[in-house]
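These are the residues of each chain, in order.
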Amino acid sequence: MRVMANVSMVMNLDKCIGCHTCTVTCKQVWTNRPGTEYVYFNNVETKPGIGYPKRYEDQNQWHGGWTLDRKGRLQLRAGGRLRKLLSIFYNPDLPSIDDYGDPWTYDYQTVIDAPLGTPNPTAHSISALTGRDMKVKWGSNFDDDLAGAPELAPGDPDLAGLEEQVKMEFEEVFMFYLPRICEHCLNPSCVASCPSGAMYKRAEDGIVLVDQDRCRGWRFCVSGCPYKKVYFNHRTGKAEKCTFCYPRIEQALPTICSETCVGRLRYLGLFLYDADKLLDAAAVPDVQDLYEAQLGVFLDPHDPDVQAAAERDGIPHDWIEAAKRSPCYELAVRHRVALPLHPEYRTLPMVWYIPPLSPVADVVSAQGYDADNPDKVFATIDALRIPVEYLANLFTAGDADVVRTVLRKLAAVRAIQRAGQLGLSIDTDLPASVRATADDLDDLYRLLAIAKYEERYVIPPAHAEEAGRLMGQHEQLFCSLDTDGGPGMGGMGPTGPHGVGAYHPPHSDSDSAANTPKHAGRPAGRLNLLNWNGRDAAPGMFPEPGSA
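Residues numbered from 1 in each chain as written. Predicted model: local features only at pLDDT ≥ 70, side-chain atom pairs only at ≥ 80, totals over all residues. Heavy atoms only, no water.

Q: What is the right way to read the nonpolar core from this model?
A: Considering soluble globular proteins, one finds that nonpolar side chains tend to be buried as a cluster. Of all hydrophobic cores here, the largest spans 132 residues; its most connected members are L331 and F395. Beyond its immediate sequence surroundings of up to four residues, L331 is in contact with V10, Y267, R336, V337, A338, I354, L444, L447 and L448. (Core = buried A, V, L, I, M, F, W, Y, C linked by side-chain atoms within 4.5 Å. Buried < 20%, exposed > 50% of the residue type's maximum accessible area, 1.4 Å probe, protein only. Contact = heavy atoms within 4.5 Å.)

So, in structure tokens, the structure goes:
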């Protein structure tokens, strides 16, 4: 047993109202620089819908994630080294800008410079990438709230085989919101796809990052990620992705999307897992067994043997204590109500979801069922407007029984709380029918409904004294986004002291050293591409003539 720790997130989809506050704050903090106009480290999708980029879940088209070869061994769906070598200058599995939607702004200068006159001037849309006039056809939220659902929603890959059950007519349709960030997987296919080794998973907390100095812009990480949460910055020629707000996590603060979430639907905590079991768990033959296989990788932080092994493997004591209080462990392992997103990709994702139960209450009211009768409540689960089979295609590789079990437990919590509030009697056998005790269901209610800030976010601070031990595991101890003016590090954006407008290319080695932010382990005189405006000279980007 080799114990490691991984920061994780659980989202309660019953609470998401689709306000996109998480998207806006993440955009402002991390992707407000030139070249990231189309980039959303966090986005909120309406389901059913085709998502962002278009149909990203269709791995028959994009070839992301892992599959098994004829001998049952894991291999990248996009192919091995030979295929990458043959397609290194033309990757057919990359989404185009049309799949993301060409980001646009408006030609406000036309309105400002318009002469006096009767006709009202208008600001037409122009591409934020090229500056040319354009007609807006697609964007990150074009199918938000089922906009254009009759034409767009049938293209949802999760609807395959369910077309007759999910109708897009107004009277029958149902929707829910799905917030998405990088999954920070235990078995990340983006890391395995990177030819230059720029993509790496931090050993101390499992966060997946990109070393901007090593990245060569091959973009195999973009095609290798089945969730399409790695993006290419066309200005810098580098890959970028969600960093799980690691500067905040290291200070025991929640991610910015969690901090600003209006619905309080996000939970952050640690998992302890057995790294020696990862390969076997990701390579189980039946995709519907992947959920249970990943649960088998997680370790019980309350087990004294696990605690001893964790200390032996260098995990700090306060991290072990935090793992014991982790809301993610409680929801995913103890109560088993949180599920992974598309486990069939075999990446072992670490951002899990509690499926929405809201339709149950709607069906109960519509059909006149008594909510304090568990048999009648459970009977409505199969009468959801959005079928349980659709949720199963999202969270359990098609195993509807697992989703049905989760919804039954959530329905039991509601029934017990309703009975307690209204003074109704409740069947004493109800908790046992969902494989729980009355105390378990009460704990689940408190965690899902009224958990305080410190109960939703259990994040231990980073240990600087571990740097010496980690030096043997990493070639470098920083992410290249970690600069004074980098996104999320307190910089003031494009107009600040470290922004594009303030940048002046150095003219000598001494100037370069003086103008380039210094960081331990980073060569002096390197150009910080994150602050490059894309027009001026970029010393150090290419070898000097005559240099070795």
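Right, picking up where we left off after that structure.
Q: Where do I start with the packing of helix α15 (residues 327-334) against helix α21 (residues 438-449) in this structure?
A: The relative placement of two packed helices is expressed as an angle between their axes plus a distance between the axes. Their axes nearest at 11 Å, the elements α15 and α21 cross at an angle of 135°. The orientation of α15 relative to α21 falls into the category oblique. You can see that α15 and α21 cross each other, and the crossing is left-handed. Note on element contacts: α21 touches α15 through D440, D443, L444, L447 and L448, opposite P327, E330, L331 and R334. Tallied by class, the residues present in the contact of α15 with α21 amount to five nonpolar, no polar and four charged. (Axes fitted to C-alpha atoms, helices over the stretch in contact; angles between N-to-C directions. Helix = DSSP H or I, 4+ residues; strand = E, 2+ residues; numbered from the N terminus. Parallel < 35°, antiparallel > 145°, perpendicular 65-115°, else oblique. Left-handed = near helix turned anticlockwise from the far one by under 90°. Nonpolar A, V, L, I, M, F, W, Y, C, P; charged D, E, K, R; others polar.)

Q: Hey, could you run me through the packing of helix α13 (residues 304-312) against helix α14 (residues 317-324) in this one?
A: Close contact between α13 and α14 brings their axes to 10 Å; oriented N to C, the two are set at 145°. When you trace α13 past α14, the crossing you get is right-handed. For the pair formed by α13 and α14, the contact residues are Q307, A310 and E311 on the first element and H317, I320 and K324 on the second.

Q: Mind showing me how you'd approach α21 here?
A: Because an α-helix packs 3.6 residues into every turn, residues spaced three or four apart end up facing the same way. Helix length check: α21 (12 residues) gives 16 Å between terminal C-alpha atoms against 16 Å at 1.5 Å per residue, within 8%. Of all the positions in α21, only L441, L444, L447 and L448 are classed as buried. Buried residues of α21 fall within an arc of 125° about the axis and therefore sit on the same side. (Expected span 1.5 Å × (residues − 1). Arc of directions from axis to C-beta.)

Q: Would you take a moment to explain the sheet that holds strand β14 (residues 351-354) for this structure?
A: Reading across from one edge, β12-β1-β14-β13 is the order of the four strands in this open sheet, with mixed pairing throughout. Strands with a single pairing partner mark the edges of an open sheet, and in this sheet they are β12 (266-274) and β13 (339-340). When β13 meets β14, the two strands line up antiparallel, connected through two bridges. Bridging from a neighbouring strand, L339 pairs with Y353 of β14. Those strands touched by α15 are β1 (3-12), β12 and β14, and its axis lies near 70° from that of β12. (Pairing = 2+ DSSP bridges.)

Any functional reading would require information that these geometric values do not contain.
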